[in-house]
Amino acid sequence: MPVVSVRLRDFCSLIGLDLSIDDLKDRMPMMGVAWEREYEDGFDVEVFPNRPDMFSVEGLARAYAGFIGVSEGLRRYDVREGGPTVYVDRGIESVRPYILVALIDGVNLSEYALESVIQLQEKLHISYCRDRRKASIGIHDAGRLEYPLTYRAVRGDELRFKPLDFDDELTPEEILEKHPKGIAYGHLVRSYGSYPILMDARGRVLSMPPIINGEFTRVTTATKRLLVDITGLDIDVVSSVMKILVCNICERGGVIYTGESIYEYDTPLGRRVKAPILEPYRMELNLDRACKLIGVNIGVDDALKLLRRMRYDARIIDRGIIEVYVPPYRVDIMHWVDLAEDLLIAFGYDKVEPIIPAIATIGGENPLELFTRKVREVMVGLGFQEVMTYILSNPRDQFDLMRTSRSPCVEIGNPKTLEFTICRLWLLPCLMRVLASNKHNPYPQRIFEADDVVVLDPLSETGARNLRKLAATSAHVEADFAEAKAVAEALMRCLGLRASYKPISHPSFIEGRAASIEVDGVEVGFLGEIHPEILEKLGLENPVAAVEVNLESLYHIVRKRSGSVGSAYEVSNRFKASKSAHTSTG
Amino acid sequence: MDRVSISRSERRVLETLGSQGSPIYIDMLASLTDIPVSQVASLIEDLRSKGLVECVREGYLSIEVTDEGELYRRLGLPERRSIRRLLEVGAIPVAKLAEEVGLTDMEAKIAGMWLIRRGWAEVEEVDGVKILKPRVESEPEPTPDEKLLGDIGFEGLIPIEASRDIMEALSILERRKLIEKDVKHRVSVRLTDYGLKVVRGEVEVLEEVTRVTGDLIATGRWRNIVFKPYDVTLPVYQLYPGRRHFLRQVLDYMRRIWVEMGFKEMEGPIVETAFWDFDALYVPQDHPARDMQDTFYLRNPCLGDLPDRSLVERVKAAHEYGGGTGSRGWRYVWSGEDARRCLLRTHTTCLSARTIAKLKSCDLPAKFFSIGRVFRNETLSWKSLCEFYQTDGIVVDEKATFAHLLGYLKRYFTMLGFRDIRFRPAYFPYTEPSVEIEVYHPVYGQWLELGGAGVFRPEVVEPLLGMDIPVLAWGPGLNRIVMMNYGINDIRELHANDLRQLRELPDWIGV
């Protein structure tokens, strides 16, 4: 979430009150910004990403002044016709099709103000503009500009200009190679083969969106007239950013002159688009519904006052229906529930009385979870320590380590590390890894895990499904097949089952010391003595006896035997395909 | 009359000491009583504490003969062998000594030096040739150091206060590197006067027994014996019972809270489609949380199925223009293909979406919870995991309000052991109003964020349920609660499975 730095003196002067940091620290979070930290002459707050209008001190001050009741209602800005015109060339349509421009005259750019404009621009770029992709902002000293402006696409070597912070003139291609911003944002335009350029009537370059501005229009504290250009791929976002930017800048005064973009192609808003449009957005709020949502009764007069404190204009138009005028910078308001939340914020989260309603519902756990817990209880009773390993794994652990052949499994397309590239198919390799990392701890080491693996299942909606398994290992000088089998038998006995055991050949176990576990003719797992090659690979010096069981198969059998007729938590679809599940690992 | 209790083994030691009459070394005692040395030592310690025996610790010199010393012990010192030959032949040129006596060159040098030093021979020069001649008439008596070297083989032990002669002899042998000596100690034991009385039967003796045996009980002999008292302060061996993982203990506890509050468990796949993980929750398709760097997308399976068409259409409409929800929507073109992408679920809230979609109005009011693993494409570090547990709860109730939400939350966190709870505004893409829960942690002395909550947006509920009724939702920060309770600072420890930690950490008691 964007963190906004605020100078206390600047903040106070914008509100027109002396405020203490302690007071702000207490109250600002109740307005809906998270306090980060305070320092000598200011503080940092974290602003929620849905409130780009508060990405700068001006927006924060505007909201806070309303919240504490210093200035209420809709903020109106001085907007006039007669701003600059920009001609938009057909060639730009496929590169970065939308541009809006506006002029602000009579700004007073103190050091604080300049700092704040830069901060606002940065935060908007990163968050709301999706790192300049959807929209990007150029702010210029309009003093020496000659109109009209032109926005068009140029070839990489078609012209040269001096980018910000550079002494030499560079071509667009050179900027992508040499300028830090070119290197950082070049990927947004490189593939088009041509570059967006905004130039004035004399062909002087204002900016190369979304990369860098020209040095020619650099803004300083002496700047009195600002030209704002917003370009981008999404005209809604471009237009919203324009509104937020001019409103926040004009919190310090200034007159906005509406600019006009004249396109050689159609846009969702037509071929001639004016900006900014600062007309408030009108919505209706049913106070009764809002109060029902909040669970607090708020009278009409109070509601109007509270909404005005959130910087809306509000008036009653019908019984219980409030007409709300939403300021142009509030790009987050899309539904009446958004207004209801603001009403609630103004009312005060701390003033809402928590209520537990008297409604009767019956709680309950998923039966497979209950069953798994029974199994865990048995394992704990047998002296096994539960471990909890990751579902994320890799083929080296799941197959190579265990001497099994690689089989299809859930694969991650964008893994960050080689350690986590697939979802596990069985638990035993995870336990072997735990043993390997505990060689320094006293033996005997008896551990188990009862949790999910993920298996591919073309029949399921997402192509894969969870499968509950149990694995246990015992590592000590005398660990052997008999122990593994005794553990499996104890588990079956506790679950009221009788298993039969057949010799199997399994690459993870010593030949002649591995068995399958069958209950009611269904193979539910296997056990044996871990193959010495695996022990050697892991540097384990004790024999390891191991069991792995498909708990869903067991669960299915237990349920069938007890004549259970199913419940609200029917999991039958989970075990339909589970019979073949564990054999998929070899 | 005095009484003393002694065990059978102690009695054996006492009697052996009594029959010997003089101090006796422990190793000797061990072989006489046929009790292992280590056990004898502890018996002696017990007897000493009862005042029956006393011990004397003596120092002694332990001698080891070097390889060279061992050779000379067998053949005689080089000078001894040389004087014998000299006396036989009368005179030997120095240069011929080795050959004549059968010595190495080095031994011949040593022999020459010691023949002169001991005064057994002298060197004369005849025609420029150095010749050894004996100065004694017959073979000299063995010197003290020779004798000692010869004897060591049998004794090897020399009292630390040995006579001056012996000490001198020892120092000669040591200088000649024929022996190595070391100071050691040994303990000898003898009966005290009291111990003597016991052996003579002048003191009443009760049998002392260590173990309670079936035999003692069956025969009733336990009445006539005394059980040996133990030093209860001594450390004992460690017991490691089977246990649930400490994280599991917390998860089970949370599960209990949910159930007690009347919530039913939800369940769903770990491999999810973007539709349920994001779209159904009104997360726009260009939202940063859906980026590759935050979410694990799958290569296999790659695309999943979308649910029934009308639901998909409603979700699409909500995203694009609000549909029938009264919302403006996100205002973009929604892609069904994006929604089909398979991923590892990034939160358990997708289970809530699935559950709501299955509800009918006759099921209401209803309350559900989930506890499950979720996945984030993060780099593993002390503060972030790519796989962790999350818990979520929803209340679907036509009459539900935000005030109810706070009521549930307050109750929930009280049951988790937190007394002071406060709420402040927050933001989540799928809830409005949203709230952040903060609890006061008395040990840390500060307010901590413990999770988010809110009322699901109509853009979420209406497409799924077909009607717009309030759905309260919350998910406490589970990891943080676990870490605070166990004093864990590195989140990776939750799944490190260090057996030491798993064995040592106290159980989760709950409050």
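How each quantity is defined
Residues numbered from 1 in each chain as written. Chains lettered and ligands numbered in written order. Predicted model: local features only at pLDDT ≥ 70, side-chain atom pairs only at ≥ 80, totals over all residues. Heavy atoms only, no water. Helix = DSSP H or I, 4+ residues; strand = E, 2+ residues; numbered from the N terminus. Rg over C-alpha atoms; globule rule 2.2 N^0.38 Å. Buried < 20%, exposed > 50% of the residue type's maximum accessible area, 1.4 Å probe, protein only. Contact = heavy atoms within 4.5 Å. Pairing = 2+ DSSP bridges. Patch = residues over 30% accessible without salt bridge, like charges linked within 9 Å, V, L, I, M, F, W, Y side chains within 5 Å. Areas by Shrake-Rupley, 256 points an atom, 1.4 Å probe, with all protein chains shown as cover. Salt bridge = Lys/Arg side-chain N within 4 Å of Asp/Glu carboxyl O. Phe/Tyr/Trp six-rings, centres within 6.5 Å; stacked < 30°, edge-to-face > 60°. Lys NZ or Arg CZ within 6 Å of the ring centre and 35° of its normal. Arc of directions from axis to C-beta. Polar contact = N/O pair within 3.5 Å; in protein donor to acceptor, adjacent residues only side chain to side chain. Nonpolar A, V, L, I, M, F, W, Y, C, P; charged D, E, K, R; others polar.

Another point: the overall build of chain B. Regarding its fold elements, chain B presents 20 helices and 20 strands. Its C-alpha radius of gyration of 46 Å places chain B more than 25% over the 24 Å reference for a compact globule of 511 residues. Put simply, chain B has 511 residues, and 51% of those count as buried. Contacts in chain B between residues at least 24 apart in sequence constitute 69% of all its contacts with a sequence separation of at least 6.

A few words on the environment of A:G193. Following the sequence through the fold, A:G193 ends up in the loop between α6 (180-185) and β9 (194-199). Remark: the alpha-carbon pair of A:G193 and A:L24, spanning 169 residues in sequence, is separated by 50 Å.

It is worth spelling out the pairing of strand β10 (residues 205-208) of chain A at this point. Within a regular beta strand, the side chains point alternately toward one face of the sheet and then the other, so they alternate between its two faces. Residue and element names in this part refer to chain A. Relative to β10, β9 is paired through two bridges, and the arrangement is antiparallel. Bridge pairing links L198 to S207 in β10. In sequence, β9 turns back onto β10 through a hairpin of five residues, with G203 there showing a positive phi of about 80°. Here β10 runs beside strand β11 (residues 212-213); their pairing, made up of two bridges, is antiparallel.

Together, B:V212, B:I217, B:W222 and B:F227 line one region of the surface with nonpolar side chains, adding up to about 390 Å² of accessible area. Along the chain, the position of B:W222 falls in the loop between α11 (214-219) and β10 (225-227).

Residues and elements named next belong to chain B. Under the defined criterion, the tally for this structure stands at 26 aromatic pairs over all chains. Geometrically, the ring pair formed by F263 and W474 is edge-to-face, given 5.6 Å between the ring centres and 80° between the ring planes. Here W474 lies in strand β20 (residues 471-476) and F263 lies in the loop between α12 (246-260) and β11 (264-265), a separation of 211 residues in the sequence. Relative to W474, the ring of Y412 has its centre 6.2 Å away and its plane inclined at 75°; by these criteria the two rings are edge-to-face. Highlighted residues: Y412 in helix α17 (residues 402-415) and W474 in strand β20, separated in sequence by 62 residues. Among the aromatic residues, those joined into a ring-pair cluster are W258, F263, F369, Y408, Y412, F413 and W474. A cation over a ring is seen here: R117 above W114, with NZ or CZ 4.5 Å from the ring centre.

This part takes up helix α8 (residues 287-294) of chain A. Residues and elements named next belong to chain A. For α8, every residue scored as buried is listed here: L287, A290, C291, L293 and I294. The buried side chains of α8 occupy one side of the element, clustering within an arc of 160° when seen end-on. Where α8 begins, the capping side chain belongs to N286, and its oxygen is found 3.0 Å from the backbone nitrogen of D288. A positive phi of about 90° marks G295, the residue just after α8.

Between chain A and chain B, the contact holds 89 residues from the first and 96 residues from the second. The interface formed by chain A and chain B includes 13 salt bridges. Residue A:E461 is joined to B:R354 by a salt bridge in which the shortest nitrogen-to-oxygen separation is 3.1 Å. For the pair chain A and chain B, the interface holds 56 residue pairs in polar contact (both at pLDDT 80 or more). Elements with a contribution of two residues or more to the side of chain A that touches chain B: α2 (21-31), α8, α10 (336-347), α11 (367-381), β18 (385-386), β20 (411-412), β22 (445-456) and β23 (464-475) of chain A. At nine residues, the largest contribution of residues to the side of chain A that touches chain B is made by β22(A). Across the side of chain A that touches chain B, the residue classes break down as 46 nonpolar, 21 polar and 22 charged. With two bridges joining them, β20(A) and strand β13 (residues 298-300) of chain B adopt antiparallel strand pairing. From the neighbouring strand, A:I412 faces β13(B), where its bridge partner is B:L298.

The quantities given are spatial measurements derived from coordinates; they are silent on function.
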